[in-house]
Amino acid sequence: MTEFWLISAPGEKTCQQTWDKMMAATTRTNNLSTNHKFNIPDLKVGTLDVLVGLSDELAKLDSFVESVVKKVAQYMADVLEDNRDKVQENLLANGVDLVTYITRFQWDMAKYPIKQSLKNISEIISKQVTQIDNDLKTRASAYNNLKGNLQNLERKNVGSLLTRSLADIVKKDDFVLDSEYLITLLVVPVLFYSLLYEDSDSGLFSVTLFRKAIDDFKHKARENKFTVRDFQYNEEEMKADKEEMTRLSTDKKKQFGPLVRWLKVNFSEAFIAWIHIKALRVFVESVLRYGLPVNFQAMLLQPNKKTLKKLREVLNDLYKHLDSSAAAIIDSAMDIPGLNLSQQEYYPYVYYKIDCNLLDFKL
């Protein structure tokens, strides 16, 4: 599973005892989850008022940064096109896969100095990720326009003879050109002239006739369900279209490499920022719930898919003494299938979910 539960509980006599108890409850006999200590440094606590306000701000920032992480990941898949099955190997954090990064999380002291206040650290992250989001919009818009223009040109050269461009099918020799009296029309389909080209549905024929007979011919063609294509042979226009397609194709190839590199770098930056926000939220919520001095153990659980419900029950039993009202609500909810108490899940212990499945499709 790519889902993790980031939880915290107050330190017993030591934080190691808190860890040992959780390990005993979840792994020693029943193998409910794979667990890791989640290291959060000694951050500046500040005042209670600031912590309460910051708790709400961090919740909003968490949602915003997660959305940017997902946007960058999804756009990476879009850019890779036919190679989108390789997207996962490009979605790394600090050069390692996401599960490894999370399970071995270390606070980045250089990016987010812990001497700064919690509010300042959250503002650093907010500015950083807002910049990534803005840059993504600009780069994606430019690349999408280029890709769209190329696709429009390519689309002209595919499809039925009734609609597609004929420029790459016909030759100069197929036409009577520069004649005062004669003109060559292209017709789909006619049964009794030299065939120029055919696809799976129809054939393309050339018909040379007097200019004064054009209207009469078109009328008769419609009566017999023949389509006269509106096409004039113009070498300059055809050459310009080919050159434009070559230019767009070359530009797309030139932009592809740098764009993928930018996406890789900034996915990593955004994902790292996101996990630091999770760490900030655990710290703030733990101080608000468990009080001062700061004494809690943050723990990362990777649940086994088949035992999610059992793991919740075990954690509830282990920590229900921390908040009896929350425990009572959870007990009653467990007895009522499908009951959703609120959008924000609340437990007697601090809990945040991290889901590393960031794409809208299955590979």
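Residue numbers run consecutively from 1 along every chain, following the written order of its sequence. Confidence filtering applies because this is a predicted model: local features only for residues at pLDDT of at least 70, side-chain atom pairs given and counted only at 80 or more, and all residues used for totals across whole chains, interfaces and linings. To obtain the side-chain values, all non-hydrogen atoms of the structure were included, while hydrogens and water were left out.

A few words now on the overall build of the protein. For the purposes of this entry, the term helix denotes a DSSP run of H or I that reaches at least four residues, the term strand denotes a run of E that reaches at least two, and both are numbered from the N terminus. Assigned secondary structure in the protein consists of nine helices and eight strands. Considering the protein as a whole, with its 363 residues, one finds that 42% of them fall into the buried category. The contact criterion used throughout is that any non-hydrogen atoms of two residues lie within 4.5 Å. For the protein, the share of sequence-separated contacts (at least 6 apart) that also reach a separation of at least 24 residues comes to 77%. Carbon and sulfur atoms make up 50% of the accessible area of the protein, which totals about 20500 Å². The buried label goes to any residue with under 20% of its type's maximum accessible area, the exposed label to any with over 50%, and the partly exposed label to all in between, with areas taken from a 1.4 Å probe on protein chains only. Accessible surface is estimated by sampling points in the Shrake-Rupley manner with a 1.4 Å probe; for residues, cover comes only from the protein chains shown.

Moving on: the sheet that holds strand E2 (residues 33–37). Any two strands with at least two DSSP bridges between them are considered paired. Taken in spatial order, the four strands line up as E2-E7-E1-E8 in an open sheet, and their pairing is antiparallel. In the strand order of this sheet, the two ends are held by E2 and strand E8 (350–355), each with one partner. With strand direction ignored, the average angle separating the axes of adjacent strands in the sheet is 25°. In the sheet, strand E1 (residues 3–10) pairs with strand E7 (residues 296–303) via six bridges, with the strands oriented antiparallel. Across the sheet, the residue bridging to Ile-7 is Met-299, located in E7. In this analysis an axis means a line fitted to C-alpha atoms, helices contributing only their contacting stretch, and an angle means the value between N-to-C directions, from 0 to 180 degrees. Where helix H7 (residues 235–290) meets the sheet, it contacts E1, E7 and E8, and its direction lies at approximately 170° from that of E8. Across the sheet, helix H8 (residues 308–319) touches E1, E2, E7 and E8, and the angle it forms with E1 is around 10°.

This brings us to the pairing of strand E5 (residues 203–210). If a strand is regular, its side chains alternate between the two faces of the sheet. For E5, the tally of buried residues reaches six of eight residues, placing the bulk of the element in the interior. Taken together, the six bridges between strand E3 (residues 182–188) and E5 define a ladder with antiparallel strand orientation. Directly across from Leu-185, in E5, lies its bridge partner Val-207.

Our next topic: helix H2 (residues 48–80). For H2, built from 33 residues, the straight-helix expectation of 48 Å at 1.5 Å per residue is met to within 8% by its first-to-last C-alpha distance of 47 Å. The first or second residue beyond H2 is Glu-81, which carries a positive phi of 50°. Every helix has an expected span of 1.5 Å times one less than the residues it contains.

Moving on, we come to unusual backbone geometry. A cis geometry characterises the amide bond from Leu-292 onward to Pro-293, with omega recorded as -5°. Relative to the assigned elements, Pro-293 resides in the loop between H7 and E7. Although it is not a glycine, Glu-81 adopts a positive phi angle of roughly 50°. Here Glu-81 is to be found in the loop between H2 and helix H3 (87–90). Positive phi outside glycine occurs at Lys-225, with the angle close to 60°. Tracing the sequence through the fold places Lys-225 in the loop between helix H6 (214–223) and strand E6 (227–229). Classification of Lys-225 by relative accessible area gives exposed; the value is 72%.

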